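Reading the structure
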Amino acid sequence: MLSRAVLIFAVVISLAACQSQKKEINFPKTDLSSVPLIPKPVKTVPTNSAFGLDSTTAILTSANDPAFEKAGRFLAEKINAKLGFKLSVNNTLEEKEIDRFIYINQSDSIDLKTTESYQLYIKKDSIYLNAKTAAGAFRGVQTLRQLIPEQSNDTLTDHPLWLIPTGKVYDEPQFEYRGAMLDVARHFFTVDEVKKFIDLLAYYKYNALHLHLTDDQGWRLEIKSWPKLTEIGGKTEVGGGEGGFYTQEDYKEIIQYAADRHMIIIPEIDMPGHTNAASLSYPFLHAGGKADKPRVRTDMKVGYSSFHTRKDTVYAFLDDVIGEIASITPGPYIHIGGDESHVTKKKDYLHFVEKVEKIVLKYGKKAIGWNEIAQAKLDPSTIAQLWNEPHSAMKAAEGGSRIIMSPAKKTYLDMKYDSLSQYGLTWAGMIPVDVGYNWSPENYVEGLPKEQILGVEAPLWSETISNSAELEYLAFPRAIGYSELGWSKPENRDWEDFRQRLAQQVPFLNRMEVNYYPSKLIDWAE
Ligand code: TNX
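Note that the structure is a prediction, hence the values are computed from the model and not measured.

1. Overview of empty space enclosed by the protein
For the structure on display, the rule yields one cavity of 30 Å³ or more. By volume, the largest cavity amounts to about 30 Å³. The wall of the largest cavity is formed by Thr275, Asn276, Ser279, His286, Asp292, Pro294, Ser305 and Ser306. Residue composition of the lining of the largest cavity, by class: one nonpolar, six polar and one charged.

As structure tokens, then:
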């Protein structure tokens, strides 16, 4: 019996052969390079004709990798939802029924340099999406989604065609890490709210969502060996609301949802500061001394709590917590926080960071910490996340660590846009859409080699927001700009050009019911 792979290959070959006999359609002139793609691809080469997407278009995938078929199904679902079709994938259609096809092809071409690289070859009768891995195919699928116009052309044949400009797209990311962070500790966000955020990020080729799971006001992840963390610590949040937490099943559901979009989840347990909720649940964790005595905290102060750093019981507790989290987190990273430990003595802080880093390593994960951790002697696999001190990032880099760029003045999604902003804080300044876009992660820290920059992350702290509409108000449109800073080459980034492309995101944002901030800097499409 012929294998499915051979069958599909045979269909593709014979389709390619018989298409030349099909009736010619007179397509209007198109321009692939003027489609408002975000993030901007490395290179597009227009050939000025069109592929007419319609309800008979076949979607086929390399059958040697089921993950490619999954990328195909994702594309089919999105096309169906947008255009009301019923496309399926690798359907055994009669050849004569197929006018045009999209083929998602696993390729080992040396031109596909990274796992996320992809190429699109768009001709009148076929679209080839080539990628080495399913992650690359998935990124290419997002580009294809963006290439499908809002309006059909109803005059070329007896039925509507959605015209995709022909030509080639060559694309790959600048940085291997392109993340956003959501603080679910200051205010809790439901699984569905997190999923919606993931969906929006995936469309712009993000590959990581960092969840800030614990802070003074709440602990949001079930730890089976220490149940009071959520029984007590999960019940509070900023402003006095009821809080909430993810069961481990909820957490796994979020991870799977992200993985289906080739994104990882990075869990953060912030410590030794920002630990009031944990110490309220288990008082032996509390440092004493200058640290405030644990009590329910619903205010927005920072820097008053600390774990005890010299008790074996604290490290036994952390061994359990990190062990449980590592066992349900497939991604390579665990974030250990480390910021604003103002009531932890420096020598205690260093001792703590070094011990906790070793626990993370013991469970086979890499540690990430906010830039303060650079004061400690770090394993070179540990990653420092720059938020306020470029020199700390530099110090970590000199020790071999890689850096995630999240400078507060540029990337903090919780900063107000301008004086009209309804939500947000201002301590790092206001960040209008152009200020968020107009900087270069490559040059932000003088002397930091590009190879040592793991990528870019935009953090969204949630002191002033507590639901999807408020989250979206702060995150969008700025998060769309950060996707381009992480993905696109510096020479392809230009505010004026980006501004035009951003304006054209309106149909997508509306379809997704995104409550974006309608910044006056953008001439939003109707
Ligand atoms: C500083 S940034 C913090 C957070 C706050 C945020 C508010 C960082 C590592 N720590 O605890 O939520 O400012 O913008």
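2. Topic: the pattern of salt bridges
One pass over the structure, following the stated rule, counts 28 salt bridges. Here Asp319 makes a salt bridge to Lys362, at a shortest N to O gap of 2.5 Å. One end of the pair, Asp319, is in helix α8 (residues 312-328); the other, Lys362, is in helix α9 (residues 346-362), and 43 residues separate them in sequence.

3. Focus on helix α15 (residues 495-503)
Listed as buried for α15 are Trp495, Phe498, Arg499, Arg501, Leu502 and Ala503. Where the residues of α15 are buried, they touch α12 (433-437), α14 (478-487) and α16 (506-511).

4. Regarding the site of the ligand
Close to the ligand lie 13 residues, the nearest being Arg186, Tyr412, Asp414, Trp427 and Glu463. Here Asp339 contributes a side-chain N or O atom positioned 2.8 Å from a nitrogen atom of the ligand. When the free accessible area of the ligand is taken as 360 Å², the share hidden by the protein chains comes to 97%. Here the residues of the shell around the ligand are counted per class, giving seven nonpolar, one polar and five charged.

5. Digging into the sheet that holds strand β1 (residues 43-53)
Sheet strands line up and pair through hydrogen bonds in the backbone, either parallel or antiparallel. The mixed open sheet is built from six strands, whose spatial order is β1-β6-β4-β5-β3-β2. The strands lining the two open edges of the sheet, one partner per strand, are β1 and β2 (58-61). Geometrically, the sheet is characterised by an average inter-axis angle of 20° between neighbouring strands, direction not taken into account. Pairing geometry for strand β3 (residues 101-106) and strand β5 (residues 126-131), over six bridges, is parallel. In the sheet register, Asn105 faces β5, and the bridge partner there is Asn130.

6. Looking at the domain arrangement of the chain
Segmentation of the chain into domains returns domain 1 (4-171) and domain 2 (177-402 + 439-455). The C-alpha-based centres of domain 1 and domain 2 are spaced at 40 Å. Listed as interface residues are 16 residues of domain 1 and, on the opposing side, 12 residues of domain 2. Lys70 is paired through a salt bridge with Asp260; the nearest N and O atoms lie 2.8 Å apart. Connecting domain 1 to domain 2 are seven residue pairs in polar contact (both at pLDDT 80 or more). For the side of domain 1 that touches domain 2, the secondary-structure elements that each account for two or more residues are α2 (66-83) and α3 (134-147). Counting residues per element, the side of domain 1 that touches domain 2 draws most heavily on α3, which supplies eight residues. A breakdown of the residues in the side of domain 1 that touches domain 2 according to their chemical character gives seven nonpolar, three polar and six charged.

7. A word on the environment of Ile232
By secondary structure assignment, the location of Ile232 is in the loop between α5 (228-231) and α6 (248-259). Taking the relative accessible area as the measure of exposure, Ile232 reaches 34% and is therefore partly exposed. Taking the C-alpha atoms as reference points, Ile232 and Lys43, separated by 189 residues in sequence, lie 53 Å from one another. When residues no more than four places from it in sequence are discounted, the contact partners of Ile232 are Leu280 and Ser281.

8. Quick word on the sheet that holds strand β11 (residues 264-271)
The strand order around the closed barrel formed by eight strands is β7-β8-β11-β12-β13-β14-β15-β16, and the pairing between neighbours is parallel. Neighbour-to-neighbour, the strand axes of the sheet open up by a mean angle of 30°, direction not taken into account. With three bridges connecting them, strand β12 (residues 333-337) and strand β13 (residues 366-370) associate as parallel partners. The residue bridging Tyr333 from the neighbouring strand is Lys366, located in β13. Across the sheet, helix α4 (residues 191-203) is in contact with β7 (177-183), β8 (208-212) and β11; its angle to β8 comes to roughly 150°.

9. Digging into the nonpolar core
Residues Leu53, Leu182, Leu209, Tyr246 and Leu318 are the most contacted members of the largest nonpolar core, which totals 142 residues. Here the element with the most residues in this core is α8; it accounts for nine residues. The residues touching Leu209, leaving out its near neighbours within four places in the chain, are Ala180, Met181, Leu182, Val194, Phe197, Ile198, Leu201, Met263, Ile264, Ile265 and Ile266. Counting eight residues, the second largest nonpolar core, distinct from the first, contains Tyr177, Ala208, Ile266 and Leu454.

10. Focus on the pairing of strand β15 (residues 402-405)
Direction of pairing for strand β14 (residues 383-386) relative to β15: parallel, over a ladder of four bridges. Counterpart to Gln385 in the pairing with β15 is Ile404. By the bridge criterion, three bridges tie β15 to strand β16 (residues 453-460) in an arrangement that is parallel. Its bridge partner lying in β16, Ile404 is registered against Gly455.

11. Quick look at the packing of aromatic side chains
Overall, the coordinates contain 33 aromatic pairs when judged by the stated rule. Seen from their ring centres, Tyr121 and Tyr170 are 6.3 Å apart, and the 75° between their planes marks the pair as edge-to-face. Here Tyr170 lies in strand β6 (residues 162-171) and Tyr121 lies in strand β4 (residues 118-122), a separation of 49 residues in the sequence. Here the aromatic rings of Trp226 and Phe317 are separated by 5.0 Å at their centres, their planes lie at 75°, and the arrangement is edge-to-face. With Trp226 in the loop between β10 (218-219) and α5 and Phe317 in helix α8, the pair connects residues that are 91 residues apart, well separated along the chain. One aromatic cluster is present, built from ring pairs that chain together Trp226, Tyr282, Phe284, Phe307, Tyr315, Phe317 and Phe352. The ring of Trp487 carries the charged tip of Lys205 above its face, separated from the ring centre by 5.7 Å.

12. Considerations on the packing of α4 against α6
Look at α4 against α6: their axes get within 10 Å of each other, and the N-to-C directions meet at 15°. Compared by their axis directions, α4 and α6 come out roughly parallel. Crossing of α4 against α6: the hand is right-handed. Only Asp250, Glu253, Ile254, Tyr257 and Ala258 of α6 make contact with α4, whose side of the interface consists of Val191, Val194, Lys195, Ile198 and Asp199. Residue classes in the contact of α4 with α6 are distributed as six nonpolar, no polar and four charged.

What counts and how
- Residues numbered from 1 in each chain as written.
- Predicted model: local features only at pLDDT ≥ 70, side-chain atom pairs only at ≥ 80, totals over all residues.
- Heavy atoms only, no water.
- 1 Å grid on protein atoms, 1.4 Å probe; cavity = no way out; pocket = protein on both sides within 12 Å on 5 of 7 lines; lining within 4 Å.
- Points joined across faces, edges and corners; volume = space filled by probe spheres on them.
- Nonpolar A, V, L, I, M, F, W, Y, C, P; charged D, E, K, R; others polar.
- Salt bridge = Lys/Arg side-chain N within 4 Å of Asp/Glu carboxyl O.
- Helix = DSSP H or I, 4+ residues; strand = E, 2+ residues; numbered from the N terminus.
- Buried < 20%, exposed > 50% of the residue type's maximum accessible area, 1.4 Å probe, protein only.
- Contact = heavy atoms within 4.5 Å.
- Near = heavy atom within 4 Å.
- Polar contact = N/O pair within 3.5 Å; in protein donor to acceptor, adjacent residues only side chain to side chain.
- Areas by Shrake-Rupley, 256 points an atom, 1.4 Å probe, with all protein chains shown as cover.
- Pairing = 2+ DSSP bridges.
- Axes fitted to C-alpha atoms, helices over the stretch in contact; angles between N-to-C directions.
- Domains from an automatic or database assignment.
- Core = buried A, V, L, I, M, F, W, Y, C linked by side-chain atoms within 4.5 Å.
- Phe/Tyr/Trp six-rings, centres within 6.5 Å; stacked < 30°, edge-to-face > 60°.
- Lys NZ or Arg CZ within 6 Å of the ring centre and 35° of its normal.
- Parallel < 35°, antiparallel > 145°, perpendicular 65-115°, else oblique.
- Left-handed = near helix turned anticlockwise from the far one by under 90°.

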